[in-house]
Amino acid sequence: MPVSQDRLSMLARSVTLNILGAATSLSVGFFTSLLLARWLGPSDRGLLAIMVQVYSVALAVAAVGLPIAVMYFASRPEARTAALLGTNLVCSLALALVFVPVFWLLRGPIASVFAHGHGDLAWILAGALVPVTFLDWTTHNQLLGKLRFGLYNLLVVLSKIASLIGVVVLVGFTGLGVTGGLIALGATSAVMIVGSLPPLLREGSPVFDRSLLRSMIRYGGRVQVGTLLQLLNYRLDVIVLRFFRPLADVGYYVVAAILAELVITVANAFQSSVLPLVSHYEGQERQATTSVSSLRHHGILAAAATLANAAFAPLVIIYGYGPSFHQALVPMFILLPGMWFLGTGTVVGGDLRGRGHPGLSSVVAGLAVVVTVALDVVLIPMFGVPGAAVASVAAYAVYGVASLIALSRVSGIGVRQLAVPQRVDLELYPAAIRRGAARVRGALTGSLGESG
């Protein structure tokens, strides 16, 4: 299936903006991660990671797939921005009224089950982050649904800067530890919410729409299982690891996963573009060409990113995180090959949801979780942190391959056609580099001419 340049333009522009935004925010976020690891140490870093996973799973369960449903409905031609925003605000308030009291009342049992009794009052903050993160996701997903990729990426960068400032002040200077880390995460979401609201409010005052909520729940219900399972596929190993190993080992594994998953930045950039574009192009030939182009170019860029990260990540562990985290090296190398498959599954998941088949992506994610649980239970008691990494790589491979087969069945496009780049795909990169170089030379020539 030949892919013309004009059909690639929207996908290329949106993915480029997403990758540039992600690269910039990663640079800031990476420094933040280093500071957190050094100031908290392996045990508290592991505790913070467990808290994040617990409230993330709680959100995934309670949100009933609404954040993804928002992006889908916002990308439709008949999208009603004011009704979407008003409905999301009401849902956020409802989540706050439930989760803050629950985490306050049950903080002791939650700490006992998930963190050997550690955390105490910090678990209340974790509960408060459930509604805050929900509003963050739903508002910025409205921007993505409206194809406002530039504004979204600007807000992502600003949110990471806010998080860095929060960590430096609250963890580094005031010594609030894990509590300071949670507040810094809240600052990240606050920037995304405040920045997303003005363009949404310009389209009308928020209105709660019960019928729209029902429609979103019907769509989100099919997404819900997949969202939860995909989250478990990403992070279930962290929770299982806690039951067999001390918090310090969880800290090593989290650092290894953070570094290996730098490659997933590419997949997230494509997913954020693919879902709204595939939905927007429903019934057009562009829908198929968008699917093919996104997967082929993700494969090329993810493979290059994996090779680059194989050289970059070890240096960061050795010289950045320091001797306390050298045990993260082995699991990081084990995890790295699985990132291509995990990223492919992530892109396909966005494509299937954009095509109105969120339930199918849930089935694929469920298959991967079964592999994760089965191998975690067998390998973690025997091999510890490396065993968790091996289990994850096997699950990621199943997830990526099964996702490609599922999309092929839905779209009628062959797996080979979806996943294997053609010569024309590879030729785009030298051409893009030449065009970029020509623009830089032109800009420099113009500047020198003006100064002369």
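Residues numbered from 1 in each chain as written. Predicted model: local features only at pLDDT ≥ 70, side-chain atom pairs only at ≥ 80, totals over all residues. Heavy atoms only, no water.

Participant: How should the nonpolar core be read in this particular structure?
Facilitator: Counting 118 residues, the largest nonpolar core has Trp-123, Met-216, Leu-259, Tyr-321 and Leu-335 as its most contacted members. Examining the composition of this core, we find that 17 residues originate from one element, helix α1 (residues 5–62), more than from any other. Among residues more than four places away in sequence, those in contact with Tyr-321 are Phe-30, Ser-33, Leu-34, Ala-37, Arg-38, Val-255, Ile-258, Leu-259 and Val-316. (Core = buried A, V, L, I, M, F, W, Y, C linked by side-chain atoms within 4.5 Å. Buried < 20%, exposed > 50% of the residue type's maximum accessible area, 1.4 Å probe, protein only. Helix = DSSP H or I, 4+ residues; strand = E, 2+ residues; numbered from the N terminus. Contact = heavy atoms within 4.5 Å.)

Participant: Explanation requested: the packing of aromatic side chains in the structure shown.
Facilitator: In this description, a pair of aromatic rings is defined by centroid distance and the angle of the planes. Overall, the coordinates contain 7 aromatic pairs when judged by the stated rule. Judged by centre distance (6.3 Å) and plane angle (50 degrees), the ring pair of Phe-99 and Phe-103 falls under tilted. Residue Phe-99 and its partner Phe-103 are located together in helix α3 (residues 81–105), separated by 4 residues, close to a single helical turn. Given a relative accessible area of 4%, Phe-103 falls into the buried group. Between Trp-340 and Phe-341, the ring centres sit 5.3 Å apart and the planes meet at 80 degrees, which makes this aromatic pair edge-to-face. Of the residues examined, Trp-340 reaches a relative accessible area of 24% and is grouped as partly exposed. An aromatic cluster is defined as three or more aromatic residues linked by ring pairs; in this entry it consists of Tyr-72, Phe-73 and Tyr-219. (Phe/Tyr/Trp six-rings, centres within 6.5 Å; stacked < 30°, edge-to-face > 60°.)

Participant: What is the right way to read the confidence of the model for the chain from this model?
Facilitator: Should the pLDDT be low somewhere, the predicted coordinates at that spot are not to be read in detail. Summing up the model confidence of the chain, the mean pLDDT is 84 and the portion of residues at 70 or higher is 87%. Long-range and interchain partners of residues 1–8, a stretch whose pLDDT sits below 50, account for 12 contacts in this model, where long-range means more than four residues apart. (pLDDT = per-residue confidence, 0-100.)

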